[in-house]
Amino acid sequence: MSDNKVQIFDTTLRDGEQVPGCKLNTEQKVVLAKQLDLLGVDIIEAGFPVSSPGDFKSVNEVAKIVKNATVCGLTRAVENDIKVAAEALKYAARPRIHTGIGTSESHIKYKFNSTQEKVIERGIAAVKYSKSFVQDVEFYAEDAGRTDNEFLARVCEAMIKAGATVLNIPDTTGYCLPEEYGAKIKYLKENVKGIHNVIISCHCHNDLGLATANSVAGAINGARQIECTINGIGERAGNTSLEEVVMVLKQHPDLALNTGINTKLLYETSLMVSDHMGVLVQPNKAIVGANAFAHSSGIHQDGVIKNRETYEIINPADVGVTESAIVLTARSGRAALAYRAKKVGYELTKLQLDDVYTEFLNFADKKKEVIDEDIHQIMKNTNVAAAVVA
């Protein structure tokens, strides 16, 4: 794999599905897995097989149909979890077991009532047992974001010796600042023996709205896998947004980092996930929100009409959106009105536009948005004989 390639690990079907009310059945997981494979994700985390018979079946069915991506199943550092995951993944062309344990002082003391040494021992046993079923084993150090770096380095080195191929460094609580998370990845790159033989993975949560920034900081400092979900869906405040990290890397070529994602399918995939999970995408969501390429301010509209790049850093077509939207409101100017009027068939002179604009403002003050049908009524009310555009 090129050192500039950042693998995209999609966990929409596992971590994303943990949102209350967003349970997916097997058929839905299969449909979305096919789309994710088409999108070009490198790894699909299909579920947590031991958690329920339904999830076992889903992972099993996804493993059968995915043609290109690695299919991954999550486990705890528990033998039965790992055995069940291996069985669920038996039909996968490229199976991966994702196992691990909490490593922060809080998790060791309160969650496991254990010690650092015993946690390392459990991790080693889990990786070795996973390795008896599959070659590709990812180890997660849960709550790594709040784990002491020196101890985290010891954990990572032990897991590499045990056979792990990927080391997942999760900011489980979404607490880290980008510079802190980036520095943690850099520390591991510089202080863990054998680290250059494995892939470091970022798994960041969005509790403070920093998941994308932290993941990008991780990649800049040497991580070569980012774990994310479509629409940033996930429990609590969600996970790193796939569409955001992919487009950050695409729009900043100076980073010299790339993914294998077909970005033209991002909007389509976003709609599919929203539909199957029953969760609407917030209108101002970056990249895929309904307003991501919509302009209502007169100053912005004038600039975009003259040259799209004045207010858009992404070509809408690059993410599968047909075109920018010029939304007519009371904040819109003459340029936007003339643009939209032409779209529905009227070529206005400057003097005609002045007359029509006055009537337009009357409409706009009464309505949140002036739509195409309103433009026809405005033209009728002003009795302006504009040239009709064929």
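In the block above lies the structure referred to throughout.
Parameters at a glance
- Residues numbered from 1 in each chain as written.
- Predicted model: local features only at pLDDT ≥ 70, side-chain atom pairs only at ≥ 80, totals over all residues.
- Heavy atoms only, no water.
- Helix = DSSP H or I, 4+ residues; strand = E, 2+ residues; numbered from the N terminus.
- Buried < 20%, exposed > 50% of the residue type's maximum accessible area, 1.4 Å probe, protein only.
- Contact = heavy atoms within 4.5 Å.
- Areas by Shrake-Rupley, 256 points an atom, 1.4 Å probe, with all protein chains shown as cover.
- Lys, Arg positive; Asp, Glu negative; His and termini not counted.
- Charge placed at Lys NZ, Arg CZ, Asp CG, Glu CD.
- Phe/Tyr/Trp six-rings, centres within 6.5 Å; stacked < 30°, edge-to-face > 60°.
- Pairing = 2+ DSSP bridges.
- Axes fitted to C-alpha atoms, helices over the stretch in contact; angles between N-to-C directions.
- Core = buried A, V, L, I, M, F, W, Y, C linked by side-chain atoms within 4.5 Å.
- Right-handed = clockwise from strand over helix to strand, strands pointing away.

Peer 1: Is there a simple way to explain the overall build of the protein chain in this structure?
Peer 2: In terms of regular secondary structure, the protein chain is built from 14 helices and 12 strands. Overall, the C-alpha framework of the protein chain stretches about 85 × 40 × 40 Å when taken along its three principal axes. Relative to its 390 residues, the protein chain shows a buried fraction of 54%. The long-range fraction of contacts in the protein chain, counting pairs at least 24 apart against all pairs at least 6 apart in sequence, stands at 72%. In the form shown here, the protein chain has an accessible surface area of approximately 17,700 Å², with 51% of it arising from carbon and sulfur atoms. Computed over 43 positive and 49 negative side-chain charges, the separation of the two mean positions in the protein chain equals 3 Å.

Peer 1: Help me out: how do you make sense of the packing of aromatic side chains in this one?
Peer 2: Any pair of aromatic rings gets described here by the distance separating the centres and the angle formed by the planes. Applying the stated rule across the entire model yields 2 aromatic pairs. A ring pair is formed by Tyr129 and Phe133, whose centres lie 5.1 Å apart and whose planes are at 85 degrees; its orientation type is edge-to-face. The partly exposed category is assigned to Tyr129, whose relative accessible area is 23%.

Peer 1: Even after reading the chapter, I still don't get unusual backbone geometry, so can you show me in this structure?
Peer 2: Residues other than glycine predominantly adopt negative phi, and peptide bonds predominantly adopt the trans conformation. Despite not being glycine, Asn231 has its phi angle at roughly 65 degrees, a positive value. Relative to the assigned elements, Asn231 resides in the loop between β8 (225-228) and α9 (242-251). By relative accessible area, Asn231 is classed as buried at 16%. For Ala256, which is not glycine, the phi torsion reads 60 degrees and is therefore positive. Mapping Ala256 onto the fold places it in the loop between α9 and α10 (266-277).

Peer 1: Please clarify how the side chain of Ser270 should be interpreted in this entry.
Peer 2: Within the secondary structure, Ser270 is located in helix α10. When residues no more than four places from it in sequence are discounted, the contact partners of Ser270 are Ile230, Asn231, Val281 and Val288.

Peer 1: What's the story with the sheet that holds β8 in this structure? I'm lost.
Peer 2: Sheet strands line up and pair through hydrogen bonds in the backbone, either parallel or antiparallel. Judged by pairing direction, the barrel is parallel, and its 8 strands sit side by side in the order β1-β2-β3-β4-β5-β6-β7-β8 before closing back on the first. Within this sheet the neighbouring strands show an average axis-to-axis angle of 25 degrees, counted without direction. Taken together, the 4 bridges between strand β2 (residues 43-47) and strand β3 (residues 70-74) define a ladder with parallel strand orientation. In the strand pairing of β3, Ile44 is matched with Val71. Each of β4 (95-102) and β5 (136-142) touches helix α5 (residues 116-131); the most contacted strand, β4, lies at about 170 degrees to it. Taken strand by strand, helix α8 (residues 211-220) contacts β6 (166-171), β7 (199-204) and β8, and its axis lies near 170 degrees from that of β7.

Peer 1: Sorry if this is basic, but what is going on with the nonpolar core here?
Peer 2: General note: in soluble globular proteins, nonpolar side chains tend to be found buried as a group. Counting residues in hydrophobic clusters, the biggest one holds 85 residues, and the most contacted among them are Leu39, Val41, Phe139, Met159, Leu167, Ile169 and Leu242. If we skip the residues at most four places from it in the chain, Leu39 touches Ile230, Leu242, Gly260, Ile261, Asn262, Leu265, Leu266 and Thr269. Counting residues in hydrophobic clusters, the runner-up holds 20 residues, among them Ile326, Ala330, Leu353 and Val370.

Peer 1: Help me out: how do you make sense of the pairing of β4 in this one?
Peer 2: The side chains of a regular strand alternate between both faces of the sheet. Among the 8 residues that make up β4, 7 are buried, leaving the element largely enclosed by the rest of the structure. Crossover β3 to β4 through helix α3 (residues 79-88) is right-handed. In this structure, β4 lies alongside β5, joined through 7 bridges in parallel fashion. Note on β5: the bridge partner recorded for Gly100 is Tyr140.

Peer 1: Help me out: how do you make sense of the environment of Ile314 in this one?
Peer 2: Along the chain, Ile314 turns up in the loop between α11 (298-306) and β10 (325-326). A C-alpha to C-alpha distance of 8.5 Å links Ile314 and Ile287, two positions 27 residues apart in sequence. Sequence-distant contacts of Ile314, defined by excluding residues within four places in its chain, comprise Met247, Gln251, Ile287, Phe293, Arg308 and Val319.

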